[in-house]
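Each chain, written out:
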Amino acid sequence: QVQLAESGGGLVQPGGSLRLSCAASRSIFSINTMGWYRQAPGKERELVAAISSGSSTNYADSVKGRFTISTDNSKNTVYLRMNSLKPEDTAVYYCNAVTYGGNFRYDSWGQGTQVTVSS
């Protein structure tokens, strides 16, 4: 299991920006995929963005062009830069790490950080 520590959530006005950070307890090189999920009240948890060990990225259609996922390998940290925020982006955001051992897949999760977009 990978321990994940999140930071950067908060309150922002529509059109504003935030950067979320997720520090992992092990080298990102040893993690197959890192990503950000979010869950709004009454809705299922959804994938927002993901980045693989090969640096390929994937984004939800609702955030494509506004959000950017990136890593700083020297700090074992993944970031989510969120621009042009909308009220519908309001949710609890969770950091996720996927690793493989033997024939098993392991998912690790941060505790979540609240992002609220409101005027």
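Everything below is about the structure printed above this text.
Everything in this summary refers to the structure shown in the same document. (Residues numbered from 1 in each chain as written. Predicted model: local features only at pLDDT ≥ 70, side-chain atom pairs only at ≥ 80, totals over all residues. Heavy atoms only, no water.)

1. Observations concerning the overall build of the chain
Consideration 1: When helices and strands are counted, the chain shows zero helices and eleven strands.
Consideration 2: Along the chain direction, N to C, the helices and strands of the chain fall in the order β-β-β-β-β-β-β-β-β-β-β.
Consideration 3: Scaling as 2.2 N^0.38, a compact globule of 119 residues should have a C-alpha radius of gyration of about 14 Å, and the chain matches this with 14 Å.
Consideration 4: By its C-alpha atoms, the chain is 50 × 30 × 25 Å across when sized along the principal axes.
Consideration 5: For the chain, long-range pairs separated by at least 24 residues make up 53% of all intrachain contacts whose partners lie at least 6 apart in sequence.
Consideration 6: For the chain, the computed accessible surface area is about 6500 Å², with 44% contributed by carbon and sulfur atoms. (Helix = DSSP H or I, 4+ residues; strand = E, 2+ residues; numbered from the N terminus. Rg over C-alpha atoms; globule rule 2.2 N^0.38 Å. Contact = heavy atoms within 4.5 Å. Areas by Shrake-Rupley, 256 points an atom, 1.4 Å probe, with all protein chains shown as cover.)

2. Considering the pairing of strand 3 (residues 18–24)
Consideration 1: Counted residue by residue, strand 3 has five buried out of seven residues, so it is predominantly covered.
Consideration 2: Where strand 1 (residues 4–7) meets strand 3, four bridges bridge the pair, whose relative direction is antiparallel. By the bridge assignment, leucine 4 is partnered in strand 3 with alanine 24. (Buried < 20%, exposed > 50% of the residue type's maximum accessible area, 1.4 Å probe, protein only. Pairing = 2+ DSSP bridges.)

3. Quick word on the sheet that holds strand 3
Consideration 1: Pairing in this open sheet of four strands is antiparallel, and the strands run 1-3-8-7 from one edge to the other. Single-partner strands in this sheet number two, and they are strand 1 and strand 7 (67–72). The sheet shows a mean angle of 15° between the axes of neighbouring strands, taken without regard to direction. (Axes fitted to C-alpha atoms, helices over the stretch in contact; angles between N-to-C directions.)

4. Describing the side chain of threonine 113
Consideration 1: Structurally, the position occupied by threonine 113 is in strand 11 (residues 113–117).
Consideration 2: The exposure class of threonine 113 is buried, given its relative accessible area of 12%.
Consideration 3: Polar contacts involving the side chain of threonine 113 include one to the main-chain amide nitrogen of glycine 9, which spans 3.4 Å.
Consideration 4: Ignoring anything within four residues of it in the chain, the contact list for threonine 113 reads Glu6, Gly9, Leu20, Ala91, Val92 and Tyr93. (Polar contact = N/O pair within 3.5 Å; in protein donor to acceptor, adjacent residues only side chain to side chain.)

5. Some remarks on the nonpolar core
Consideration 1: Counting 30 residues, the largest nonpolar core has Met34, Trp36, Leu80, Met82 and Tyr93 as its most contacted members.
Consideration 2: Sorting the residues of this core by element identifies strand 3, strand 4 (33–39), strand 5 (46–52), strand 7, strand 8 (77–82), strand 9 (91–101) and strand 11 as the ones contributing at least two each. (Core = buried A, V, L, I, M, F, W, Y, C linked by side-chain atoms within 4.5 Å.)

6. Observations regarding unusual backbone geometry
Consideration 1: For serine 55, which is not a glycine, the phi torsion comes out positive at approximately 75°.
Consideration 2: Checked against the element boundaries, serine 55 lands in the loop between strand 5 and strand 6 (57–59).
Consideration 3: Since its relative accessible area comes to 54%, serine 55 is described here as exposed.
Consideration 4: The backbone phi angle of asparagine 76 is positive, close to 50°, even though this residue is not glycine.
Consideration 5: On the secondary structure map, asparagine 76 appears in the loop between strand 7 and strand 8.

7. Regarding the packing of aromatic side chains
Consideration 1: In the structure shown here, the tally under the stated rule is one aromatic pair.
Consideration 2: Measuring from centroid to centroid gives 5.0 Å for tyrosine 37 and tryptophan 109, while their planes differ by 65°, and the two rings are edge-to-face. You can see tyrosine 37 sitting in strand 4 and its partner tryptophan 109 sitting in strand 10 (residues 104–109), a full 72 residues away along the chain.
Consideration 3: In this structure, arginine 45 is placed above the aromatic ring of tyrosine 94, and the distance from its NZ or CZ to the ring centre is 3.8 Å. (Phe/Tyr/Trp six-rings, centres within 6.5 Å; stacked < 30°, edge-to-face > 60°. Lys NZ or Arg CZ within 6 Å of the ring centre and 35° of its normal.)

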